Amino acid sequence: MKRKGLLLAVFSALLVLLTGCNSLAVLNPKGPVAKTQSNVIIFSMLVMALILLVVYVLYIFMLTKYRASKAAPDYEPPHVEGSKWLEFTWIAIPVVIVTILSVVTVRTTNALDKVPAGYEDQKPLVIYASSSNWKWHFSYPEEGIETVNYVNIPTNRPIEFRLYSYGPITSFWVPQLGGQKYAMSDMVTKLDLVAEHEGSFIGKNSNFSGKGFADMEFEVLAMSNAKYGEWVNEVKNTAAPLTEEQFNSLLDTAKVGRQTYSSTHLEFSPAPEGEHAGHNHGGGSDDNSQMDHSDMDMNMDHSDTKDDGAEHASHGN
Amino acid sequence: MKWDEFFVTGEPMIYGAMVSIVVASLAIVIGLTYFKKWGYLWREWLTTVDHKRIGIMYIISALLMLFRGGVDALLMRSQLAIPENGLLDAQHYNEIFTTHGVIMILFMAMPFIIGLMNVVVPLQIGARDVAFPRLNAVSFWLFFAGAMLFNLSFVIGGSPDAGWTAYFPLASNEFSPSVGMNYYSIAIQIAGIGTLMTGVNFIATILKMRAPGMKLMKMPMFTWSVLITCVIILFAFPVLTVALALMMFDRMFGSQFFTMANGGMDMLWANLFWVWGHPEVYIVILPAFGIFSEVIATFSRKNLYGYSSMVGSMVIISLLSFLVWAHHFYTMGHGAMVNGVFSITTMLIAVPTGVKIFNWLLTLHKGKIEFTTPMLYSLAFIPIFTIGGVTGVMLAMASADYQYHNTMFLVAHFHYVLIPGTVFAVIAGFYYWFPKLFGFRLNERQGKLAFWVIAISFNVTFLPLFLLGLNGMTRRMYTYSADTGFGPLNMIATIGAFGLAIGFIILVYNIYWSFRYAPRETNGDPWNARTLEWSTHSPIPDYNFAIVPTVQGRDPFWEHKKGGHQLYKGNYEEIHMPNNSGQPVILGGIFFFFGFAMIFGWWIPAIIGGLGVIVMLAVRSFERDHGHHIPVREIEETEARLRGEQA
Ligand code: HEM
Ligand SMILES: [Cu+2]
Ligand SMILES: [Cu+2]
């Protein structure tokens, strides 16, 4: 009977999981990408719960009915080779289930590979997100600004994150906005996300990259288009531009707080795409979107407004 | 290299480990000398080529490694129990999860399984040894040399810290400059060569040495699972060998296969690693399926349901296992097309796995189920492993995996597969075949107690991790802040981990207690079992079978007991047996020396070691050793003694 208690505990825990604790980040999406993913997850959980149920019912039935202590002492179990029909059934039904799941997977995976539905007609805002030990750099080529360890984005507008790394492979993940992609040193990968709610979301590196890995978190602040415009203007007018020396010394520093600049490092240290690319994986999206950096405004005033994230910088060692 | 760099310094825990290693080694040396056991150890164990003894040595090593890996796990869980914990620093945590992963998979799970297959397979097929007994000993000593080398990193030079997956460029000299990753590439390489030879050896054994009448489709399910596993080893391990060799060239000789500059490709490593790594998880799970099949059939008093589809499903799993590796990096930026294909191949594995689950359930149907300790582990496997399986299907769906990848959800999933699958299986197999090896059963009451503590604690440890993953907790994080809200569930998981530790301690106590007090048995068949190995005496004589059995059905011993079929026909004849040899253990020692020198880049000793290996191989090829014959009279005496008659 202990066994049943255990099973019950396992099962009820699973039910709790299923009834959508939407306090769980992944099941509490704030944009269409994460929404699609959360739907797929919940759908698959329901299917899986059904399978578990079948197995558990059969299991409990066998164990309660055919225990030796209940059988007659002279009971001799029969010799059973198998049954073509039964075995066919439990091949056929799983094949059907896998087929359904495959269709769902292929469709959603395709959908997630492009700009989310409903946002195709908007020009995506391109933000380069690059990692270096152990921080994230966000470059906004259109606006000519760059931030470190935080990223502000407008809501209801597709954002095309272009990911790469100045070191080990990292993975760019904002659970409430959508699943992750790797950032690598020799190529640029793209992740399309949209935030449909204003708010502050946690983003992180989820691929182990060495000693400072646990601190590689950043804030994603989603704000209305108007507020976003204000913020960009403010940065342009108050922040200092990023020089090559500054950037290189930044790369060499293990950990820093938030920083803000009125130019991007792409001008002197371009992303590994187009002619700078190391390789690509032959994946869907082609990489002919070469950037032209020549028209970028570099004459920003030099007043120093890096907002110093002392408290962020002092995370445990 | 200076001495203070050579030894790992600055950590009380490591000083403690050094001291205890020295003390333990001294104690062993002094003890052996005092009790004059060196000769015994050398003659009976270190030079043995007997598959049963080699199996026992594998199992002992694996148990030791289970404890090393388990202590690592406890340290990690303790560190994660509360937010901002200061027990371990980042470096230390990174080293621990790396060595935990490598040790558990390569130096615990695999050797435990190889140990069981060494013990059981020749017996199940009615053979007197494996096809190449000396090679078998070499395999063991190479594994042992690799394992010891890997463990040495803890106190000498520094442990690897780039994860058991060792992704580049993180694992390159640039980002992992210590010798830790050298240990990884060399120690695993040496052990891996041993594994590959085991694979070849057992394929030959199973194909060539079966008793007369045992057609392929009459082999016991465990033997079938081992055969298929060995075929996987044969195809997967060469890939690992190449990958580790390239890694070694990158790290030690400045080549640039996986670097960021000069055309190196980080993904090349990921691909090679997982082309081996995914089949590897089937290498440790298929024999487990075999063990459960034996145990469930025996204790339901029934033949295995759906024998042919059990075999067929394993063959299909082994094929599919090579077609799914890219599911480990859906997020690496290949297109939706590639991800879709790998999603489908991955999910397909669920079909043959499901077939097996239902066949086991139907084996129970109309049975006469006895809840012995091995049976409890096998029965607990079904519901727990099914959770691991269905979460695996969830992970297989690429679009959803973008949210699970590298999170605690994944960690929960693979432990839900590996622990009820592999660990429960080797414990079940250990309890099941123990009386065959030692002539007595382990205490059942203590065994059951350990089982319940382990089975319950396991779920307490790993169920919360699913939720933590969905809440955004990544794996391999040495700490997290309180406002993430990860604290409480982590605390529960840690409590569960300590429960598991208690369970394993009871298990070890059970072994100790039973050695001292358990009643010895005279009957070679304590469980009323079905397959050939149970028809031998316990403990088993060197030559296993005095007369080679002839087989008719799938459960030969059962049929024999039911009076349907005479297993042993004919008279005693001289038996040819291989001689013991000191060469394998010496070769292992030379490989250890060679590997150690390579790791530190001491080229002259390395060259000497390399030459030593070549010399040993040359010596062997000029040696004439035809083994020896056991005369009929000696067989008669042994058999009479084992039957309990006075000679
Ligand atoms: C006995 C109880 C066990 C506990 C409490 C335990 C706990 C853990 C923990 C805490 C981690 C690290 C999670 C992280 O920070 O990412 C981990 C990782 C891992 N464990 Fe276990 N584990 C146990 C048994 C096993 C067994 C039996 C195996 C294999 C047969 C295994 C294989 C692994 C692997 C492969 C990793 C990943 C290592 C890496 O990330 O490089 N574990 N385990
Ligand atoms: Cu790449
Ligand atoms: Cu895999």
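Residues numbered from 1 in each chain as written. Chains lettered and ligands numbered in written order. Predicted model: local features only at pLDDT ≥ 70, side-chain atom pairs only at ≥ 80, totals over all residues. Heavy atoms only, no water.

Draft legend 1. Seen up close, the UniProt feature "transmembrane region" (unreviewed entry) in chain A. All names here are of chain A. Look at the UniProt record and you will see "transmembrane region" (unreviewed entry) annotated at residues 39-64 and 85-106. Here residues 39-64 runs as 100% helix and 0% strand, with 37 Å between its end C-alpha atoms. For residues 85-106, helix accounts for 100% and strand for 0%, while the C-alpha atoms at its two ends are 31 Å apart. (UniProt positions renumbered as here; feature names shortened; annotations may be inferred. Helix = DSSP H or I, 4+ residues; strand = E, 2+ residues; numbered from the N terminus.)

Draft legend 2. Representation of the coordination of the copper ion (ligand 3). All names here are of chain B. At this site the copper ion (ligand 3) is bound by His278 (ND1), His327 (NE2) and His328 (NE2), with donor distances of 1.7 to 2.0 Å. Expressed as a motif, the donor residue spacing for the copper ion (ligand 3) is H-x48-H-H. One end of the pair, histidine 278, is in helix H9 (residues 266-300); the other, histidine 328, is in the loop between helix H10 (307-320) and helix H11 (336-348), and 50 residues separate them in sequence. (Donors = N, O, S within 2.8 Å, 3.2 Å for Na, K, Ca; no water.)

Draft legend 3. Focus on unusual backbone geometry. For the bond running from asparagine 133 of chain A to tryptophan 134 of chain A, omega is -15°, close enough to zero to count as cis. Examined against the element boundaries, tryptophan 134 of chain A turns out to sit in the loop between strand S1 (125-132) and strand S2 (135-140). Along the chain, serine 538 of chain B connects to proline 539 of chain B via a cis peptide bond; the corresponding omega equals -15°. Topologically, proline 539 of chain B is positioned in the loop between helix H17 (487-517) and helix H18 (556-561). One non-glycine residue, lysine 366 of chain B, lies in positive phi territory at about 60°. Here lysine 366 of chain B lies in the loop between helix H12 (350-364) and helix H13 (373-396).

Draft legend 4. Empty space enclosed by the protein, seen in detail. All names here are of chain B. Under the definition given, this model contains seven cavities of 30 Å³ or more. There is about 100 Å³ of room inside the second largest cavity. Around the second largest cavity, the lining comprises 15 residues; the ones closest to its centre are Leu106, Met110, Phe143, Ala191 and Thr195. Among the elements of the structure, helix H5 (90-124), helix H6 (133-152) and helix H7 (180-208) are those that each provide at least two residues to the lining of the second largest cavity. Counting residues per element, the lining of the second largest cavity draws most heavily on H7, which supplies six residues. For the lining of the second largest cavity, the class distribution of residues is 10 nonpolar, five polar and no charged. (1 Å grid on protein atoms, 1.4 Å probe; cavity = no way out; pocket = protein on both sides within 12 Å on 5 of 7 lines; lining within 4 Å. Points joined across faces, edges and corners; volume = space filled by probe spheres on them. Nonpolar A, V, L, I, M, F, W, Y, C, P; charged D, E, K, R; others polar.)

Draft legend 5. Molecular detail of the sheet that holds strand S6 (residues 170-174) of chain A. Residue and element names in this part refer to chain A. As summarised here, the arrangement of the five strands in space is S4-S10-S9-S6-S7, forming an open sheet in which the pairing is mixed. Every other strand in the sheet has two partners, leaving strand S4 (150-154) and strand S7 (178-183) as the edge strands with one partner each. Within this sheet the neighbouring strands show an average axis-to-axis angle of 20°, counted without direction. One ladder, built from two bridges, connects S6 with strand S9 (residues 199-205); its direction is antiparallel. When the sheet's bridge partners are listed, tryptophan 173 is paired in S9 with lysine 204. (Pairing = 2+ DSSP bridges. Axes fitted to C-alpha atoms, helices over the stretch in contact; angles between N-to-C directions.)

Draft legend 6. Structural view of the site of ligand 1. Residues and elements named next belong to chain B. Not every one of the 21 residues close to ligand 1 is listed here, only the nearest: Tyr93, His100, Trp164, His415 and Arg476. The separation between an oxygen atom of ligand 1 and a polar side-chain atom of arginine 475 is 3.0 Å. Arginine 476 is positioned with one of its backbone polar atoms (N or O) 2.5 Å from an oxygen atom of ligand 1. Per-element accounting of the shell around ligand 1 gives the leading share, seven residues, to H5. The residue makeup of the shell around ligand 1, split by class, is 15 nonpolar, four polar and two charged. (Near = heavy atom within 4 Å. Polar contact = N/O pair within 3.5 Å; in protein donor to acceptor, adjacent residues only side chain to side chain.)

Draft legend 7. Representation of the pairing of S2 of chain A within the structure. All names here are of chain A. In terms of burial, S2 is a largely internal element, six of the six residues being buried. Of the two faces of S2, the one carrying Lys135, His137 and Ser139 and the one carrying Trp136, Phe138 and Tyr140 are both buried. Direction of pairing for S1 relative to S2: antiparallel, over a ladder of five bridges. When the bridges of S2 are listed, tyrosine 128 appears paired with serine 139. (Buried < 20%, exposed > 50% of the residue type's maximum accessible area, 1.4 Å probe, protein only.)

Draft legend 8. Focus on the confidence of the model for chain B. Model confidence for chain B is summarised by a mean pLDDT of 92, while 98% of its residues fall at 70 or above. Among the scores for the predicted complex, ipTM is 0.91 and pTM is 0.91. (pLDDT = per-residue confidence, 0-100.)

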